[in-house]
Amino acid sequence: MHTATEFRLEARPRLPEALERLDALANDLFYSWDHGVRSLFARIDLRLWQKVEHNPKLFLRRVAQARLDQASEDRAFLAEYRRVLSAYDAYLESEPGTEVLEALNPEDSLVAYFCAEFGFHESFPIYSGGLGILAGDHCKAASDLGLPFVAVGLLYQQGYFIQTIDAQGHQIARYQCHSSDELPITPVEVDGKALTVSVPFPGREVHARVWLARVGHISLYLLDTNTTENTDEDRELTLQLYGGDSATRISQEMLLGIGGTRVLAALGVQPTVWHINEGHAAFQILERCRMDMTEGLSFGAALESVAGCTLFTTHTPVPAGHDIFPRDLVEHFLSPFLDHSGLDFDAVFGLGSKNGDQSFNMTSLGLRGSRFHNGVSRIHGGVAARMEGDIWPQIPAAENPLGYITNGVHVPTFLAPEWASLFDIQAPTWKSELRNPTFWQFIDKIPDYHYWSVHKALKQQMAEFIVRRLKRQHKRNGTGHSVTERMARKLVSPENDALVVGFARRFATYKRATLIFSDLARLERLLTNPEQPVVLVFAGKAHPQDKPGQQLIKVIHDLSMQPNLMGHIILLEDYDQAMARRLLSGVDVWLNTPEYPKEASGTSGEKAAVNGALNLSVLDGWWG
Ligand SMILES: *Cc1c(COP(=O)(O)O)cnc(C)c1O
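Given the structure is predicted, the values throughout are model-derived calculations rather than measurements.

About the cut-offs
Residues numbered from 1 in each chain as written. Predicted model: local features only at pLDDT ≥ 70, side-chain atom pairs only at ≥ 80, totals over all residues. Heavy atoms only, no water. Helix = DSSP H or I, 4+ residues; strand = E, 2+ residues; numbered from the N terminus. Rg over C-alpha atoms; globule rule 2.2 N^0.38 Å. Buried < 20%, exposed > 50% of the residue type's maximum accessible area, 1.4 Å probe, protein only. Areas by Shrake-Rupley, 256 points an atom, 1.4 Å probe, with all protein chains shown as cover. Lys, Arg positive; Asp, Glu negative; His and termini not counted. Charge placed at Lys NZ, Arg CZ, Asp CG, Glu CD. Pairing = 2+ DSSP bridges. Axes fitted to C-alpha atoms, helices over the stretch in contact; angles between N-to-C directions. Contact = heavy atoms within 4.5 Å. Near = heavy atom within 4 Å. Polar contact = N/O pair within 3.5 Å; in protein donor to acceptor, adjacent residues only side chain to side chain. Nonpolar A, V, L, I, M, F, W, Y, C, P; charged D, E, K, R; others polar. Domains from an automatic or database assignment. Parallel < 35°, antiparallel > 145°, perpendicular 65-115°, else oblique. Left-handed = near helix turned anticlockwise from the far one by under 90°. Salt bridge = Lys/Arg side-chain N within 4 Å of Asp/Glu carboxyl O.

## Remarks on the overall build of the protein
Phase 1 of the analysis: For the protein, the count of helices and strands is 24 helices and 21 strands.
Phase 2 of the analysis: Against the compact-globule benchmark of 25 Å for 624 residues, the protein has a radius of gyration of 25 Å, which places it among compact chains.
Phase 3 of the analysis: Overall, the protein is about 75 × 60 × 55 Å in size when its C-alpha atoms are taken along their principal axes.
Phase 4 of the analysis: The proportion of buried residues among the 624 residues of the protein is 56%.
Phase 5 of the analysis: When the accessible area of the protein is evaluated, it comes to approximately 27300 Å², of which 53% is carbon and sulfur surface.
Phase 6 of the analysis: Mean positive and mean negative side-chain charge positions of the protein (59 and 75 charges, respectively) differ by 7 Å.

Encoded structure:
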């Protein structure tokens, strides 16, 4: 992959002058929530748009010149192109709203937001699940509000894995390299030179180049170690999201926390608020202390000053979500950095150790290095306060300073365009009234038949999507045509419109995807009632090292292939944001059955709710 032995000749299409700005639209993640931009690409060549999986940059590389030339002479297309561009320009020119201006002065405030994953859109696969989607939604919402905001993350060349499920129901994880010119990023330059930062590692410096992802008004900087300045091994440090072993993990976290802080410093960016989104990014605290100490502060004073403008969010009570590193690993990796810093290893280790034990917990570091801390729902706030209570041994958990802020979703991203169009007609100012409950009473005035027809149309689109995906998946697996037809039958028979229940999220065991099968005989009766048939649709990835999670997939696969249940249980592979949008807007019921109180917030049910689907859930997370 790194040796340049392979040469490929590709004739790249040239954008006609009249369509020049398609390039700008492809380089701004604005497309991830603006349906108008995405439809422009689809209109030029729908088949290609589907083939490149809605990736605008890849689309512009592959599209036939003739298609572009044709579009540049098509009046109707040009009119739509101009309408989309003027909406885009108006968005970019919009000023912060009064809400923001009342809270802060954008001239001298800046929020820096650090996270290990960001999920904006299926074309940019540097996310694994809810944490990343939330981080993406935060960036989008910050852009909409005009919040002074800058984000920092890592660019993973392979990102998270692509999932296939074979004929036996085994998950197969495949990684695919994404070259930078098929992602919505551009290299960052300072004084005409590519920006790189370096971080001391055992026996060497590791260098990272820096990319910019534009998200409307805001910038996301991504570090990438795949540069010729590094050894082959170091070039692979940022290859995969949540891949490798604990040495890979701590290395990535040093790059994110220490390297990321160095990127902002190199750009002359001076945040006034630092948000650490989950423990992965907590090493930024050490780099910021180091910087303060070069100005003459003691460690204690530096930590005090750093913590005073730092906010830490913890996202899960589940152990796999908290990085805990053994002492010798931390010492080995951090020593070169600490040696030049004036920071003492024992003092640093103390920030991450719990009850004086010999391991280093990134959540503890995040909590001790911040003055503001939160969980992600009311229930989780309480759980986290008890779980982390030993950080404040003198305070009872109920009174300690770990509070909560309930996670939300970015409505323009997850609301189906069909609903948006209906709202545009019925209540044109809806976009600026998202948090005004009285405003939304207008929904009750929409005639039921109208409301229902939008839902039915979305359900139909979802059914077509599911059938397409089912066929692709089972053709590859060698499943016979007639079997695939039987699987799809209940979904596509309008005469006995089946109730569709969706369950799609990471296959982590605590989410209990198979709970609904506890009483299989009863479930079978309910699903196969000829008067009121029901279809359950499942999708999700299990982490490649999570064998029990993969076992859940196998159980659902096997049930879906049983003749008596066939067509009533459907398992789709490769859950991603595109599939999420389809399912969440098309199902009748969204099912959520986690083990209480482990679903810290969950957000998919919120996405279902904004699309008018019923949310059926255990009283946990946001729903509690
Ligand atoms: C919203 C979302 C999630 C999070 O779902 P939960 O209900 O919080 O588990 C995961 N993956 C994708 C693609 C999503 O859109």
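## A short note on the sheet that holds strand β18 (residues 534-539)
Phase 1 of the analysis: The strand order across the open sheet formed by 5 strands is β19-β18-β17-β20-β21, and the pairing between neighbours is parallel. At either end of the open sheet lies a strand with only one pairing partner, and these are β19 (569-572) and β21 (614-617). On average, each strand axis in the sheet is tilted by 25° relative to the strand beside it, whichever way the strands run.
Phase 2 of the analysis: Packing of helix α19 (residues 448-476) onto the sheet brings it into contact with β17 (499-504), β18 and β19, and relative to β19 it is tilted by some 70°.

## Observations concerning the site of the ligand
Phase 1 of the analysis: Around the ligand lies a shell of 14 residues, among which K511, G602, T603, S604 and K607 are the nearest.
Phase 2 of the analysis: A distance of 2.6 Å is found between an oxygen atom of the ligand and a side-chain nitrogen or oxygen belonging to K511.
Phase 3 of the analysis: Between an oxygen atom of the ligand and a main-chain N or O atom of T603, the distance comes to 2.9 Å.
Phase 4 of the analysis: Its free accessible area being 390 Å², the ligand has 95% of it covered by the protein chains.
Phase 5 of the analysis: Secondary structure elements with two or more residues in the shell around the ligand: α8 (130-145), α23 (577-586) and α24 (604-610).
Phase 6 of the analysis: A per-class count over the shell around the ligand returns 4 nonpolar, 6 polar and 4 charged.
Phase 7 of the analysis: When residues of the shell around the ligand are sorted by domain, at least three fall in each of domain 2 (98-404) and domain 3 (412-623).

## Observations regarding α23
Phase 1 of the analysis: For α23, the tally of buried residues reaches 9 of 10 residues, placing the bulk of the element in the interior.
Phase 2 of the analysis: Turning to α23, its buried residues are Q577, A578, M579, A580, R581, L583, L584, S585 and G586.
Phase 3 of the analysis: Where α23 begins, the side chain of D576 points an oxygen toward the backbone nitrogen of A578, at a separation of 3.1 Å.

## So, the packing of helix α10 (residues 246-266) against helix α11 (residues 284-294)
Phase 1 of the analysis: Where α10 contacts α11, the two axes come as close as 7 Å, and the packing angle between them is 50°. It follows that α10 is oblique to α11 by the angle criterion. Note that α10 runs across α11; the crossing there is right-handed. Contact residues: α10 offers G257, I258, T261, R262 and A265, while α11 offers Q284, E287, R288, R290 and M291.
Phase 2 of the analysis: Counted by class, the contact of α10 with α11 contains 3 nonpolar, 3 polar and 4 charged residues.

## A few points about the pattern of salt bridges
Phase 1 of the analysis: Within the structure shown, the criterion is met by 25 salt bridges.
Phase 2 of the analysis: A salt bridge links K354 to E388, with the nearest nitrogen and oxygen atoms 3.4 Å apart. In this pair, K354 sits in the loop between α14 (345-352) and β14 (359-361) while E388 sits in the loop between α16 (378-387) and β16 (402-404), placing the two residues 34 residues apart along the sequence.
Phase 3 of the analysis: The exposure class of E388 is buried, given its relative accessible area of 2%.
Phase 4 of the analysis: Between E573 and R476 there is a salt bridge, and its shortest N-O distance comes to 2.8 Å. Of this pair, E573 sits in the loop between β19 and α23 while R476 sits in helix α19, placing them 97 residues apart in sequence.

## Considering unusual backbone geometry
Phase 1 of the analysis: The residue after Y596, namely P597, is reached through a cis peptide bond having omega 0°.
Phase 2 of the analysis: For P597, the position within the fold is in the loop between β20 (589-592) and α24.
Phase 3 of the analysis: One non-glycine residue, E53, lies in the positive phi region at around 50°.
Phase 4 of the analysis: The residue E53 is located in the loop between α3 (46-51) and α4 (56-62) in this model.
Phase 5 of the analysis: Residue Y242 is not a glycine yet carries a positive backbone phi of 55°.
Phase 6 of the analysis: Along the chain, Y242 turns up in the loop between α9 (232-235) and α10.
Phase 7 of the analysis: Exposure remark for Y242: the relative accessible area of 13% places this residue in the buried category.

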